[in-house]
Amino acid sequence: MRGETGKPQVIIVGSGPAGVSVAWPIVRAGLQVLMIDASQDSRCDLRPASYTPKVAPWASRFCNDFAGLKAPVDVSPKFTTPLARSVLEGFASRNGLVSRKFFAAGSLAQGGLSKIWGALAEPFLAEEFAGFPFGAEAMTRSYAEIAHRIGIPSASMEHFERFANPPATQLYRRYLRQRRAGQFELQAAVNAVNETAMEGREPCSRCGGCLYGCKGHSIYDSAFELPALQRFPNFDYASDHFVRAMGTDGAAHVLEVEKQGLTKQLRAETIVMAAGTIATSHLVLRHLNWLERPVPLLTNPAAAAAFLVPGFIGSTRPSESFSLGQLFYRFRTDSTLAAGVIYGADTLPLDIFAARLPFSRPAALRTAHALAPALLVSTCYLPGHFSKNVLYVHTKNSEQHISIEGCDNPEAEIELRLVLKGLSKQMRQLGAVPVPFSKSILTAGADAHYGGVFPMGGEGTLSTTEWGELKSYPNIFLADGSVLSRLPATHPTLTIMANADRIGHEIVRRLTKSER
Amino acid sequence: MSSGRYSHFIITGGTGYLGEAVTGLALAAGLRVSLLSPHAKSRIGVRHIAWRLGEALPEEALDPEVPPAQQVLIHLAYDWRDTDCEAGINLAGAYLLRDSARDMQIGRCIFISSQSARPDALNAYGRLKSHIEQLFDAPNEISLRVGLVYGGPWKGQYGLLCRLAMATSLIPMVLPHQLVQPIHRNEVAKGIMLAAESSIAGTLGLASAQPIPFSQFLDGLAWRLRGGRLRLIPIPLSLALRLCILVNKLPFLPRIDRERILGLAGTCVISTKDDLDRLGLRIHPFTEGMLGEPAARRALLQEGRSFFRYVLGQVPDQSLLCHYCRAIIINEADGAMRLPRILHFAPWLLRVVEPLGASGVLARRLKLATALAAAHPQTAQVLDHGGRAGRLARLGSALWLEMIALPIRLLATKMRQ
């Protein structure tokens, strides 16, 4: 079933979660696949954790050049680490990305943004598929496939108690005792963190260094799947391939690629764009000649709040812990369904809290130290239709750039405050006290959940088919967040991966059918 | 090896404040160096030839392996005891040196003069330098008028000013608003190297093109060396000269040369911008140039120590201090803040002057110190000490002190605005 000329039948742009997920069904079907990305790391291997160089705590926190000290206060700590800097590095400059009142994250690295994701792997509810051209049942197989492949553990109480910190455990137990149907639903967070050894990945050791790069590779990163894919003879991976433009030449689609400063062309009958919403939108809008015309870019308007479980104030900070999401909640208001994650703060750096306290520094440090073991930090996300961001490609000095503008939406702010108020009430009933003045509305895009530029099953020039295929250019598939028809409040990464898997199966169906 | 025209430097006064810097730079550039001085001072790669000011250039000063035309004479030596502008040892020595260099057909002669060189200078030093400049008038000879030199070891005039800036916060000073043109010692050395390679003849200014008041120079020294301020009391020249005599009679005080006071009083601004452009030399502003000085690093360490003692309540670990200094140098490209000395002895006083809000240098640096401390194991030891009861007690007392200090902090913040 290989390509007749030895050339790839499918080129996948991007090695992030969507790229890898779309690749698996196609590779398993024996079709010739070339995956390209712009990373400078040509190696696809998983070094054992013991090979990972030891880094001093201060260096992993601030980096050798202390650039972490300049991190803005109103951005998630995960975007301020040295790891995040290396992952985000070069993306904006190479794409000519300019953002205004918007936090735009993208990556050229192998594995893309999955290197710094929060790892929450929660599927959309059936009702959250409203507006999609297919129902939840169309995703069931893909959700199961992805969960099995990346090692998502079962959501058992035993598992939760092993990973959750004491205040989160107390909170959840109380919730289970008091549970009644209503607007607030709380559950143990399901994270893509393996609890048994997988290929090149060790079970989570609860070292607490989740934000700074998991030493045991327990937190899923799509780059971890490249060695397994490379064992297939029909799969090729090429790094340092930055796609500058797309084109069409007869029956084949052409990618103009920059490699080590030189430009070359890659051709295939089927192209899958999985470079991340921003990069994919940039390339596709230019291909569609959709210039200087704004396009809506969906994000989840986000807020954060802190809660204290008083019984734990002054407790000893644990030597080991798990820093990712502990609990996941959904909150239903009259008009929408919001969602969020509750994190333990016991192993987070004290200065992050101290910086927010209006005390003198010694008092702030001591207060942060005493409160940290009792502190829970919650995020809150609204569905994407509350966002008012626009993205457009424009020409400047004969070069095309991408601009994103965030726009304040008073409606979203009112809704977020409403949800936080309701959440505070629920948390109070569960024994957690809201920390005064801790509620904050985050900058647009701070959630890093981007999507909806080319909605599947939508109407209009920019919409795609139910398989994420460009209507005006058959066999160009978009497999990342850019094709999500809606952006519900639930974290979209797992759904993006499952959708990519679904698209991958469809590509296999079509290519094998045409070969027959 | 150097790729320039010259490969051997003969330096008179090469063991002095400026001479050491020139020697070091020449050696680093792969040049051969011979030092002419009465006292042998061993230095790897340097040839020492016994010579006194007033003697001609000895034959053995020339490197036999290098043609004379590829050798450079740099005349730095000066005898401060000589004030005779007609037949003193400085003038006679310069004559002899120049003539012998010309006889030996040395390729380039550089005379290091001074910004104060004028026929009508107040001090003999300025008048002598002016006279000697006249001697070096051949096409391959150049005189460099060097401004107020700072940086490096505490020697010469710079050493005296550093000791003054460190010793006191209040100095009686003649003409504090007199304009001076500072230049770093390493920049002077670089300027001499560039002058050697150039074909420029005559007189060239080697000093900052942006003059600053002398009071600002001294205050900048106090800032960089000890993170403090230095206030000057203007006094008349006659009184300054009398005080100089008095101070020099008292034990344990820095010796102040009358010649230097007169030199400062008689300094005139020279235009150096074109000269520096011709040489291709860039001179850093004074406060920036001082940042690389060991004393400036020490001041930063002292600041860090005070801040950590305030934040942690105990003397910080050396590694924590090193992180602080590196973080400031990398992130802020600046040195120590100006803090009242009392804060170094009693850092807990910062509790009442720490500004509310995050703006301002003090608030930013305290925040930085807190962030670095929070990531250091020492902090865990300090804060975990005493069990839960102890932690809660410390939290209570910290918040209680916070309440007491709040009104004063509010007032301090308001006053700073």
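Residues numbered from 1 in each chain as written. Chains lettered and ligands numbered in written order. Predicted model: local features only at pLDDT ≥ 70, side-chain atom pairs only at ≥ 80, totals over all residues. Heavy atoms only, no water.

On to the overall build of chain B. In terms of regular secondary structure, chain B is built from 17 helices and 13 strands. Per-residue burial for chain B yields a buried fraction of 54% across its 417 residues. Considering only residue pairs separated by 6 or more positions, chain B has 77% of its internal contacts joining residues 24 or more positions apart. A total accessible area of about 18,800 Å² is found for chain B, and carbon and sulfur atoms account for 60% of it. (Helix = DSSP H or I, 4+ residues; strand = E, 2+ residues; numbered from the N terminus. Buried < 20%, exposed > 50% of the residue type's maximum accessible area, 1.4 Å probe, protein only. Contact = heavy atoms within 4.5 Å. Areas by Shrake-Rupley, 256 points an atom, 1.4 Å probe, with all protein chains shown as cover.)

Here the focus is helix α5 (residues 185-197) of chain B. Here α5 of chain B contains 13 residues, and its C-alpha end-to-end distance of 19 Å stays within 8% of the 18 Å for a straight helix at 1.5 Å per residue. Every buried residue belonging to α5 of chain B is among R185, E187, V188, A189, G191, I192, M193, A195 and A196 of chain B, and all of these are buried. (Expected span 1.5 Å × (residues − 1).)

Residues and elements named next belong to chain A. Spatially, the three strands line up as an open sheet ordered β6-β7-β8, and their pairing is antiparallel. Looking along the sheet, the strands with just one partner apiece sit at the ends: β6 (242-249) and β8 (262-268). Averaged over all pairs of adjacent strands, the angle between strand axes in this sheet comes to 25 degrees, irrespective of strand direction. Sheet topology places strand β7 (residues 252-259) next to β8; seven bridges connect them, and they run antiparallel. When the sheet's bridge partners are listed, V257 is paired in β8 with K264. (Pairing = 2+ DSSP bridges. Axes fitted to C-alpha atoms, helices over the stretch in contact; angles between N-to-C directions.)

What follows covers the layout of surface pockets. Residues and elements named next belong to chain B. One number sums up the size of the second largest pocket: a volume of about 1,200 Å³. Lining the second largest pocket are 42 residues, with L76, Y78, W80, Y125 and R260 sitting closest to its centre. Contributions of two or more residues to the lining of the second largest pocket are made by α1 (17-28), β2 (32-37), β5 (108-114), α3 (124-135), β7 (148-150), α4 (156-167) and α8 (258-265). Sorting elements by how many residues they give to the lining of the second largest pocket places α8 first, with four residues. By residue class, the composition of the lining of the second largest pocket is 20 nonpolar, 16 polar and six charged. (1 Å grid on protein atoms, 1.4 Å probe; cavity = no way out; pocket = protein on both sides within 12 Å on 5 of 7 lines; lining within 4 Å. Points joined across faces, edges and corners; volume = space filled by probe spheres on them. Nonpolar A, V, L, I, M, F, W, Y, C, P; charged D, E, K, R; others polar.)

Residues and elements named next belong to chain A. In the Ramachandran plot, N289 falls in the positive-phi region, its phi being about 55 degrees despite a non-glycine side chain. Following the sequence through the fold, N289 ends up in the loop between α9 (277-287) and β10 (295-297). Accessibility expressed as a relative area gives 54% for N289, which makes it exposed. Despite not being glycine, F437 shows a phi value in the positive range, around 60 degrees. Its location among the elements puts F437 in the loop between β17 (433-434) and β18 (440-441).

All names here are of chain A. With respect to the helices and strands, the residue I476 is situated in strand β19 (residues 476-478). With a relative accessible area of 1%, I476 lands in the buried category. Taking C-alpha positions, I476 is 9.5 Å from V284, a pair spaced 192 residues apart along the chain. Here I476 is in contact with M246, H253, I271, H287, G468, E469 and L470, once residues within four sequence places are set aside.

Attention now moves to the interface of chain B and chain A. Every contact between the two is made by 32 residues of chain B and, on the other side, 32 residues of chain A. Buried area between chain B and chain A, both sides added, is near 2,800 Å², and the carbon and sulfur share of it is 66%. If you sort the residues of chain B by the area they bury against chain A, N331, L383 and R391 of chain B come out on top, with a joint share of 19%. Linking E354 of chain B and R361 of chain A is a salt bridge whose minimum nitrogen-to-oxygen distance equals 3.7 Å. Counting every contact that joins chain B to chain A gives ten residue pairs in polar contact (both at pLDDT 80 or more). (Buried area = accessible area lost by both parts, 1.4 Å probe. Salt bridge = Lys/Arg side-chain N within 4 Å of Asp/Glu carboxyl O. Polar contact = N/O pair within 3.5 Å; in protein donor to acceptor, adjacent residues only side chain to side chain.)

All names here are of chain A. Note on placement: T336 falls in the loop between β12 (325-332) and β13 (337-344). In this structure T336 comes out as buried when scored by relative accessible area, which is 8%. With 152 residues separating them in the primary sequence, T336 and P488 have C-alpha atoms 9.6 Å apart. Other than its neighbours up to four places away in sequence, T336 contacts F331, L382, P383, H385, F386 and E415.

Let us now look at empty space enclosed by the protein. With the rule as written, the count across this model stands at two cavities of 30 Å³ or more. Looking at the lining of the largest cavity, the element that brings in the most residues is helix α6 (residues 157-163) of chain A, giving three residues. Across the lining of the largest cavity, the residue classes break down as ten nonpolar, six polar and no charged. The computed volume of the second largest cavity comes to approximately 40 Å³. R366, H369 and A370 of chain A together with L383, R391, R394 and L395 of chain B together form the lining of the second largest cavity. Among the secondary structure elements, those contributing two or more residues to the lining of the second largest cavity are α11 (361-371) of chain A together with α17 (387-416) of chain B.

Evaluated as defined, the whole model comprises 25 aromatic pairs over all chains. The interplanar angle of 20 degrees and the centroid separation of 6.2 Å between the aromatic rings of Y17 of chain B and Y158 of chain B together place this pair among those described as stacked. Remark: Y158 of chain B occurs in helix α4 and Y17 of chain B occurs in helix α1; sequence separation between them is 141 residues. Take Y17 of chain B and Y158 of chain B: they sit in the same class, and that class is buried. If you follow R502 of chain A out to its NZ or CZ, it ends over the ring of F134 of chain A, 3.8 Å from the centre. (Phe/Tyr/Trp six-rings, centres within 6.5 Å; stacked < 30°, edge-to-face > 60°. Lys NZ or Arg CZ within 6 Å of the ring centre and 35° of its normal.)

All right, on to the side chain of H287 of chain A then. Residue and element names in this part refer to chain A. Within the fold, H287 resides in helix α9. Taking the relative accessible area as the measure of exposure, H287 reaches 11% and is therefore buried. A polar atom in the side chain of H287 sits 3.2 Å from the backbone oxygen of M246. Those residues within four positions of H287 in sequence are excluded, and the remaining contacts are M246, G247, T248, Y473 and I476.

All names here are of chain A. Pairing is parallel in the open sheet, where five strands are placed in the order β5-β2-β1-β9-β19. Lying at the two open borders of the sheet, with one neighbouring strand each, are β5 (235-238) and β19. Neighbouring strand axes in the sheet, compared pairwise and without regard to direction, differ in orientation by 20 degrees on average. Here strand β9 (residues 270-273) runs beside β19; their pairing, made up of three bridges, is parallel.

All quantities given are derived from atomic positions and should not be read as evidence of function.
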